[in-house]
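If you want the building blocks of each chain, they are given just below.
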Amino acid sequence: MSHGTAPRVSEARPLAGSSVRRHDGDAYVSGRIGYTDDLSLPGTAHVVLVRSDVPHARITVDVRDASTRPGVLTVATGRSLAGEYGPIPNAMDPVPTGGQPLEIHVLPVDKVVYVGQPVAAVVAESLAQALAAAADVKVHYEPLPHVMDPEAALAADAPLLYESWGSNVMLSGTVGSGDVEAAAARSAGVIHGTLRTGRGAPAPLEPRAYCADWDARTRRLTWYGTTQAPHPLRHTIAEFLGLRERDVRVVAPPVGGSFGFKNFGHPEEYLVCVLAVALARPVQWTEDRASTLRYGARDSRLAYTASYDDDGRVTSVACDMVANHGAASATGAFGMAFAGSLAMPSGYQVPDFRCDYRVVVTNKGPWSPLRPFGKEAGVLLMETVMDAVARRTGLDPLEVRRRNWVKADQFPYVTTTGLELDSGDYEGLLDKALTVLDYAAFREEQARARGQGRYLGLGVGFEVLPEGADIPGALIGASDISTVRMSPSGDVTVLTGVTSPGNGNDTAIMQIVADRLGVAMDSVSIVQGDTDICPFGFGNVSSRGILTGGGSAALAADDVAAKLRQVAASMLHVDDAERLVLRDGFVSVDGDLEQALPIAVVAHALYTVGYIVAPDVEPTLESTRTFRMRNIRHHADDDGKIMPFSTFSNGIYLSVVEVDIDTGVVDILRHVMVHDCGVMINPRFVTGQFTGGVVNGIGAALTEEVLHDPDGRQLSTGFKTFLLPRASDVPAFEIQHQVTPSPFTPLGTKGAGEGGVACTMASLLNAVNDALSPLGASITELPAVPHRVLAAIGGGQR
Amino acid sequence: MSTTEHDHSTTTRLSLNLDGTDRTADVDPRSLLVEALRDDFGVTAPKIGCATGDCGACTSRVDGQITKTCLRLAVSAEGSQIVTTQGLAEDGELDVVQQAFWDEQAFQCGFCLSGMIFAASELLAENPDPSEQDIRWAISGNLCRCTGYEAIVAAVRTAAARQREIPQRG
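Residues numbered from 1 in each chain as written. Chains lettered and ligands numbered in written order. Predicted model: local features only at pLDDT ≥ 70, side-chain atom pairs only at ≥ 80, totals over all residues. Heavy atoms only, no water.

Re the nonpolar core
Our working rule: We call a set of buried residues a nonpolar core when its members are Ala, Val, Leu, Ile, Met, Phe, Trp, Tyr or Cys and they connect through side-chain atoms within 4.5 Å of each other. Type-normalised accessible area, obtained with a 1.4 Å probe on protein chains alone, sets the label of each residue: buried when under 20%, exposed when over 50%, and partly exposed for intermediate values. Only DSSP runs of H or I with at least four residues qualify as helices, and only runs of E with at least two residues qualify as strands; both kinds are numbered from the N terminus onward. Here, residues are in contact when the closest pair of their heavy atoms is within 4.5 Å.
Ranked by size, the top nonpolar core spans 219 residues in total, and within it Trp-223 and Ile-237 of chain A together with Phe-101 and Tyr-149 of chain B carry the most contacts. When residues of this core are assigned to their parent elements, the largest contribution, 11 residues, is made by helix α19 (residues 757–772) of chain A. When neighbours within four sequence positions are excluded, Phe-101 of chain B is seen to be in contact with Val-29 of chain A together with Ala-106, Phe-107, Leu-113, Met-116, Ile-117, Ala-120, Ile-152, Ala-155 and Val-156 of chain B. Counting residues in each nonpolar core, the second largest holds 48 residues, with Val-20, Met-510, Ile-526 and Ala-553 of chain A among its members.

Here is the structure:
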């Protein structure tokens, strides 16, 4: 064996933890990426939806005039389709957990339950013709009383959206354990409070777009559209249409942002299929911005009682959550109330805890899944409680958190809602944040500023996000499948069941595979989002892209690598295949490039002269593997609890704000972020997830709110009335990473898709209240828009 | 311009120079410019995110001026020279702003790129060494829901630095 000067391969896997660029970034920046609405299949017919003007009414729809207009191919109504098609399948069903049955039709059959609900679909040769004809659809409304407020919807005499339920409660439940009343009775103090979150909206820049194409000859449906979940959607489309799954192909082109909104269960996903089958040609629907904004989230009230001892330890928390779901939907959005409850009591040791939640329907548009899938409720509650305990005990808010956190040596730790937190170092997060922000200096600056009539505040937000969900009975699982194959020229293709909402997980998966096979990035390509090509997968939900998509790709790549080693061992006359190293494009003996073969040569040899070079090796350079999280538990424990989440990313944020007490405007001066999502495959992509989440959180905390008038009309229908933060509204962020690897994943990753939103909402709420504290004022409702801040100041002792 | 009856609707002939090529199409005179670019000329780089001038996803350069093409009627662009992000690359080589957006991972879903890239280009044409605040103001007419703007600001800064280092073309 040669020593010293002999050429050797790189010491470490070169791509692991490296912020390589997006593999297809040049196509993006030069406008060459085709999103769904950029496709145009020959002969496509266009859909325009006629929408309800009233929030609650029985309807009859007269389409006779519209049907005769130029270019019109058909006009569908709920009634015209009801004979042939039942309700659409539910992404999640509330019934098994004691909730109400959901029957969502592609178009409502006899009544509408929110303003803007589609009541008829006009299909024409051109969009302009469909729009013109839509004006001639006559809808007769028999108005019913409507209810927009969830607490009013709980009243005994409230109008019922779905009469057969007997109430407006879709689902209710309780999580937690212990005896909160007894714990409170023996504690030093008790705090009561209420928090409210306004109605937010996912609002991706790309509205939804769906195109279905029915081939009457082969009786096969191809569906193109904005979806996060091609395989689950294929399953439900087949079920809905009465087709075999093999006769439905779902293709998901790149999407312009999802944030949960583009998971499956929207009526229009199935509507375009019905219309395509009826017309035997491609049918396309693209929504407008107002339609996108009709899907909301949050809009919840949390009433809480917390008890504490003089040492700042929280002894119990009881929470009553009322979630305003708006109209029912099949998207499984109701699960956000459950997830928000389970996310309590966060990473704190609260021995007695209970959350009672009720998901209430009202005459607003439906809830949509929205990152971080309701978990912001749990984070906001606990971070509010921590600050309240600090005020009562006179302890510093940071110290109160330190005293209540699960300690780094206590993992795995089972919370009082039954989640087994895998790993973490919460105090480490805070220590890191304090290396960036000089806390004592800030307090001095704050005191000086107050002397000058300026109101600065610092707020803490800490989040633990249950991710990697596996929901029993639903097509949301903590596993995914990937195939890795190498061609005779050494080209590697990855096929995976996870999809990318644009976050770069495709590139990161290529990094993982390239490293394990010892090849360069440009030897690897990836295919996502096509059910005819890719293995089954759950798409992108619950931060799974790298967790299970990357995990399964790593396992499959390792199989192919093992095969290459076996073949190369035979070709290089080495007995022990384990001595072979795949790196830098070569298979080498112990990393020695003088005893090496190009990987492409080994692949080619196996395909072409396998009987000679490796007669005992099965000539397959392909593997399909599943990675499934092993810490999910669906059998209930003695307490009746299951463990539906598999990984727990966490983070702490410190926000510094200045509140202008004359205008009520909140200005963010600093935002320090420390997060821990375990091992990062591509740190720049991870950072991008968090900075994006932060600005979603800033919007939810300060500016974004979907408003309705008393007549049930939605006032926020565009970006002038639903205010997304702009670049000039947010500061530069101060970002730190902490890495506590997950013990349950092959790569140590934890999932980064939902981070930053919740703890930004909490840190800004607490920062505003810290700023207002000298005035005796505080806000308890987000977003902290100027009128709310001014009202709080007016109610304080200014 | 000529007007003809066609398929029950009236169309108007529109001629443009689009991404360096002279093009003609029959468009519905009610079309927004972005609709005509996408549907009648088949150039899909400009996106429709709002159709109210708020998000900037439809931005293109029209006669040298960056323009939210959802705020103009197609027929008003007769004879115009229009450049989309599809036409920015010269001989297949990305321009300095496009390259920096790729290098700095300044996009996720990519839907906002037309607006961000053209706003950044316009800023750099006027101010070769912009401050962070200059950059944030320059791109604030465009919305991004994915990145939190941090990486976009970094990309504009990188593009500015690279542009200062290389001699100007032409």
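Digging into the environment of Met-761 of chain A
All names here are of chain A. Within the secondary structure, Met-761 is located in helix α19. It is 32 Å that separates the C-alpha atoms of Met-761 and Ala-158, two residues lying 603 residues apart in sequence. Setting aside its immediate chain neighbours within four residues, Met-761 contacts Thr-197, Arg-298, Glu-376, Leu-380, Gly-697, Ala-700, Ala-701 and Leu-782.

Focus: the pattern of salt bridges
As a reminder of what qualifies: Here a salt bridge means any side-chain nitrogen of Lys or Arg lying within 4 Å of a carboxyl oxygen belonging to Asp or Glu.
In the structure shown here, the tally under the stated rule is 57 salt bridges over all chains. Between Arg-401 of chain A and Asp-387 of chain A there is a salt bridge, with its nearest N and O atoms 2.9 Å apart. With Arg-401 of chain A in helix α12 (residues 397–404) and Asp-387 of chain A in helix α11 (residues 375–393), the pair connects residues that are 14 residues apart, well separated along the chain. There is no split in this pair, since Arg-401 of chain A and Asp-387 of chain A are both buried. Where Asp-26 of chain B meets Arg-13 of chain B, a salt bridge forms, and the shortest distance between an N and an O atom there is 3.0 Å. Separated by 13 residues along the polypeptide, Asp-26 of chain B in strand β3 (residues 21–27) and Arg-13 of chain B in strand β2 (residues 9–18) bring together distant segments of the chain. By relative accessible area, Asp-26 of chain B is classed as partly exposed at 34%.

A short note on the sheet that holds strand β24 (residues 580–583) of chain A
Residues and elements named next belong to chain A. Put simply, the test is: Whether two strands pair depends on DSSP finding at least two bridges between them. Note on method: axes are straight lines fitted to C-alpha atoms, helices fitted across the in-contact stretch only, with angles between N-to-C directions ranging 0 to 180 degrees.
With antiparallel pairing, three strands are arranged side by side in an open sheet as β24-β25-β26. Of all the strands in the sheet, the pair left with one neighbour each is β24 and β26 (592–598). Geometrically, the sheet is characterised by an average inter-axis angle of 35° between neighbouring strands, direction not taken into account. Judged from the four bridges that link them, β24 and strand β25 (residues 586–589) form a sheet pairing that is antiparallel.

A short note on the side chain of Lys-563 of chain A
All names here are of chain A. Our working rule: A 3.5 Å cut-off defines polar contacts: any pair of N or O atoms within that distance qualifies, except that in protein one atom must be a possible hydrogen donor and the other a possible acceptor, and neighbouring residues in sequence count only when both atoms are side-chain atoms.
With respect to the helices, strands and loops of the structure, Lys-563 is situated in helix α16 (residues 545–571). A distance of 3.1 Å separates a polar side-chain atom of Lys-563 from the backbone oxygen of Thr-620. With sequence-adjacent residues up to four places away left out, Lys-563 is seen in contact with Leu-606, Val-617, Glu-618, Thr-620 and Leu-621.

Here's the deal with the interface of chain B and chain A
Defined as follows: When two parts are put together, the accessible area they lose, computed with a 1.4 Å probe and summed over both, is reported as buried area.
Taken residue by residue, the interface counts 46 residues in chain B and 53 residues in chain A. When chain B packs against chain A, the two sides together hide about 4100 Å² of surface, and 55% of this comes from carbon and sulfur. Considering only the surface of chain B that becomes buried against chain A, Trp-102, Leu-143 and Arg-145 of chain B emerge as the three largest contributors, covering 22% of it. Applying the counting criterion to the chain B and chain A interface returns seven salt bridges. The residue Asp-54 of chain B makes a salt bridge to Lys-720 of chain A at a minimum N-O spacing of 3.0 Å.

Digging into the side chain of Ser-763 of chain A
Tracing the sequence through the fold places Ser-763 of chain A in helix α19. A polar side-chain atom of Ser-763 of chain A sits 3.3 Å from the main-chain carbonyl oxygen of Thr-760 of chain A.

Remarks on the sheet that holds strand β22 (residues 492–496) of chain A
All names here are of chain A. Spatially, the four strands line up as an open sheet ordered β23-β22-β21-β27, and their pairing is mixed. Strands with a single pairing partner mark the edges of an open sheet, and in this sheet they are β23 (524–527) and β27 (622–628). The mean angle between the axes of side-by-side strands here comes to 20°, regardless of whether they run parallel or antiparallel. Bridge analysis of β22 against β23 gives four bridges, and the strand direction is parallel. Residue pairing across strands places Thr-493 opposite Ser-525, the latter belonging to β23. This element, helix α15 (residues 505–517), spans β21 (479–486), β22 and β23 of the sheet and lies at about 135° to β23.

Some details on the domain arrangement of chain B
Residue and element names in this part refer to chain B. Our working definition: Domain delimitation follows an automatic or database domain assignment.
For chain B, the assigned domains are domain 1 (3–87) and domain 2 (96–165). Here the C-alpha centroids of domain 1 and domain 2 sit 24 Å apart. Residue-level contacts link 18 residues of domain 1 with 13 residues of domain 2. For the pairing of domain 1 and domain 2, the buried interface totals around 1100 Å² over both sides, and the portion due to carbon and sulfur atoms is 59%. When the buried area of domain 1 at its contact with domain 2 is split by residue, Cys-55, Ile-66 and Thr-85 rank highest and sum to 42% of it. Where domain 1 touches domain 2, the interface holds zero salt bridges.

Focus on helix α18 (residues 683–703) of chain A
For clarity, the cut-off: Any helix carries an expected span of 1.5 Å times its number of residues minus one.
For α18 of chain A, spanning 21 residues, the distance from its first C-alpha to its last is 29 Å, which sits close to the expected 30 Å at 1.5 Å a residue. Among the 21 residues that make up α18 of chain A, 19 are buried, leaving the element largely enclosed by the rest of the structure.

Focus: the domain arrangement of chain A
Residue and element names in this part refer to chain A. What counts here: Asp, Glu, Lys and Arg are counted as charged, while Ala, Val, Leu, Ile, Met, Phe, Trp, Tyr, Cys and Pro are counted as nonpolar; the rest, among them Gly, fall into the polar class.
Domain parsing of chain A yields domain 1 (25–33 + 479–628), domain 2 (36–144 + 203–293) and domain 3 (297–471 + 635–795). Taking only C-alpha atoms into account, the centre of domain 1 sits 39 Å from that of domain 3. Surface buried jointly by domain 1 and domain 3 totals about 1300 Å² across both partners, of which 62% is contributed by carbon and sulfur atoms. On the domain 1 side of the interface with domain 3, the three residues burying the most area are Ser-542, Ser-543 and Leu-547, jointly 41% of the side's total. One can count zero salt bridges joining domain 1 with domain 3. Among the elements of the structure, α15 and α16 are those that each provide at least two residues to the side of domain 1 that touches domain 3. Residue composition of the side of domain 1 that touches domain 3, by class: six nonpolar, eight polar and two charged.

What about the state of the cysteines?
Rule in force here: Sulfur atoms of two cysteines make up a disulfide when they are within 2.5 Å.
Within the structure shown, the criterion is met by zero disulfides over all chains. Cys-534 of chain A carries a free sulfur, and the closest cysteine sulfur to it, the one in Cys-273 of chain A, is 19 Å from it. Residue Cys-534 of chain A is classed as buried on the basis of its relative accessible area, which comes to 6%. Summary of cysteine pairing: Cys-58 of chain B is not part of a disulfide, and the nearest cysteine sulfur, belonging to Cys-70 of chain B, is at 3.8 Å. The exposure class of Cys-58 of chain B is buried, given its relative accessible area of 4%.

Re the packing of aromatic side chains
A ring pair, where both rings are aromatic, is described by two values, the distance of the centres and the angle of the planes. Residues and elements named next belong to chain A. Inclusion rule: Stacked, edge-to-face and tilted labels apply to pairs of Phe, Tyr and Trp rings (six-membered ring for Trp) whose centres lie within 6.5 Å, assigned for plane angles under 30 degrees, over 60, and everything in between, in that order.
The full count for this structure, using the stated rule, is 16 aromatic pairs over all chains. Look at Tyr-85 and Phe-240: their rings are 5.3 Å apart centre to centre, the planes differ by 15°, and that puts the pair in the stacked class. Pair noted here: Tyr-85 is in the loop between α3 (78–82) and β4 (111–112) and Phe-240 is in helix α7 (residues 230–241), with a separation of 155 residues, a long-range link. Just as Tyr-85 is buried, Phe-240 falls in that class too. A centroid spacing of 6.4 Å and a plane angle of 0° characterise the contact between Tyr-348 and Trp-405, whose relative ring orientation is stacked.

What about the packing of α16 of chain A against helix α17 (residues 599–613) of chain A?
Residue and element names in this part refer to chain A. Rules: Working rule for angles: under 35 degrees goes down as roughly parallel, over 145 as roughly antiparallel, 65 to 115 as roughly perpendicular, anything else as oblique. With the far helix as reference, a near helix turned anticlockwise by less than a right angle produces a left-handed crossing, and one turned clockwise produces a right-handed crossing.
Interaxial distance between α16 and α17 falls to 10 Å at its minimum, and their mutual angle equals 65°. Our classification of the angle between α16 and α17 gives roughly perpendicular. Crossing geometry of α16 relative to α17 is assigned as left-handed. Contact residues: α16 offers Lys-563, Leu-564, Val-567, Ala-568, Ser-570 and Met-571, while α17 offers Ile-599, Val-601, Val-602, Ala-603, Ala-605, Leu-606 and Val-613.

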